[in-house]
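Close look at the chain arrangement
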Amino acid sequence: MTMQPLNCETCGSAVLVEKFSAAHTSVQWMTEASECPMIRDTARSLGDTRRGCSALHRTIDRAVARNELTESRIDLPDGPDVPRLH
Ligand SMILES: [Zn+2]
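What counts and what doesn't
Residues numbered from 1 in each chain as written. Predicted model: local features only at pLDDT ≥ 70, side-chain atom pairs only at ≥ 80, totals over all residues. Heavy atoms only, no water. Pairing = 2+ DSSP bridges. Helix = DSSP H or I, 4+ residues; strand = E, 2+ residues; numbered from the N terminus. Axes fitted to C-alpha atoms, helices over the stretch in contact; angles between N-to-C directions. Contact = heavy atoms within 4.5 Å. Donors = N, O, S within 2.8 Å, 3.2 Å for Na, K, Ca; no water. Buried < 20%, exposed > 50% of the residue type's maximum accessible area, 1.4 Å probe, protein only. pLDDT = per-residue confidence, 0-100. Arc of directions from axis to C-beta.

Brief notes about the sheet that holds strand β3 (residues 24-29)
In spatial order, the strands read β1-β2-β3; together these 3 strands make up an open sheet with antiparallel pairing. Unpaired on one side and paired on the other, β1 (4-7) and β3 mark the two borders of the sheet. Pairs of neighbouring strands in the sheet enclose a mean axial angle of 35°, with direction left out of account. When β1 meets strand β2 (residues 14-21), the two strands line up antiparallel, connected through 4 bridges.

Structural data, given as structure tokens:
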């Protein structure tokens, strides 16, 4: 498990990001997520604080494109004897 530090390119919020795959990214805020101006504005107008910062998502995408954020390898055992999860 490798969390990598990243700053939102727009609001500068510091987060820790771990990318498992193109579709699965785990973001951990090092500050209150509500301190992000984007999230605060969304929360004020829509009353929804669970919305992410779109600028942060862009920052993450760009870091991935530049190979600054590498996908974590989850070590899955393979072979015929491994029980399937589903
Ligand atoms: Zn932000």
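Further notes follow.
Comments concerning the environment of Gln4
If you trace the backbone, Gln4 turns up in strand β1. Each C-alpha atom, one on Gln4 and one on Gln28, is 9.8 Å from the other, the two residues being 24 residues apart in sequence. In contact with Gln4, not counting residues within four places along its chain, are Val15, Leu16, Val17, Glu68, Leu69 and Thr70.

Observations regarding the coordination of the zinc ion
Around a metal, the ideal angle is 109.5 degrees if four donors adopt a tetrahedral arrangement and 90 or 180 degrees if six donors adopt an octahedral arrangement. Protein coordination at the zinc ion comes from Cys8 (SG), Cys11 (SG), Cys36 (SG) and Cys53 (SG), with a distance range of 2.3 to 2.7 Å. Mapped onto the sequence, the residues coordinating the zinc ion show the spacing C-x2-C-x24-C-x16-C. Of the two residues, Cys8 is situated in the loop between β1 and β2 and Cys53 in the loop between α1 (37-46) and α2 (54-65); the sequence distance between them amounts to 45 residues. Look at Cys8 and you get buried, because its relative accessible area is 3%. The exposure class of Cys53 is buried, given its relative accessible area of 0%.

Considerations on the confidence of the model for the protein
Of all residues in the protein, 79% have pLDDT values of 70 or greater, and the mean over the chain is 81. Mean pLDDT in the protein bottoms out at α1, which sits at 82, and peaks at β1, which reaches 92.

Let's talk about the pairing of β3
Bridging between β2 and β3 involves 6 bridges; their strand directions are antiparallel. The residue of β3 that forms the bridge with Lys19 is Thr25. The hairpin formed by β2 and β3 contains 2 residues between the paired strands.

A closer look at α1
Buried residues of α1: Ile39, Thr42 and Ala43, and no others. For α1, the angular spread of the buried residues around the axis is 100°, confining them to a single face. Away from its buried face by more than 90 degrees, α1 exposes Arg44 and Ser45. At the exit of α1 stands Gly47, carrying a positive phi of roughly 70°.

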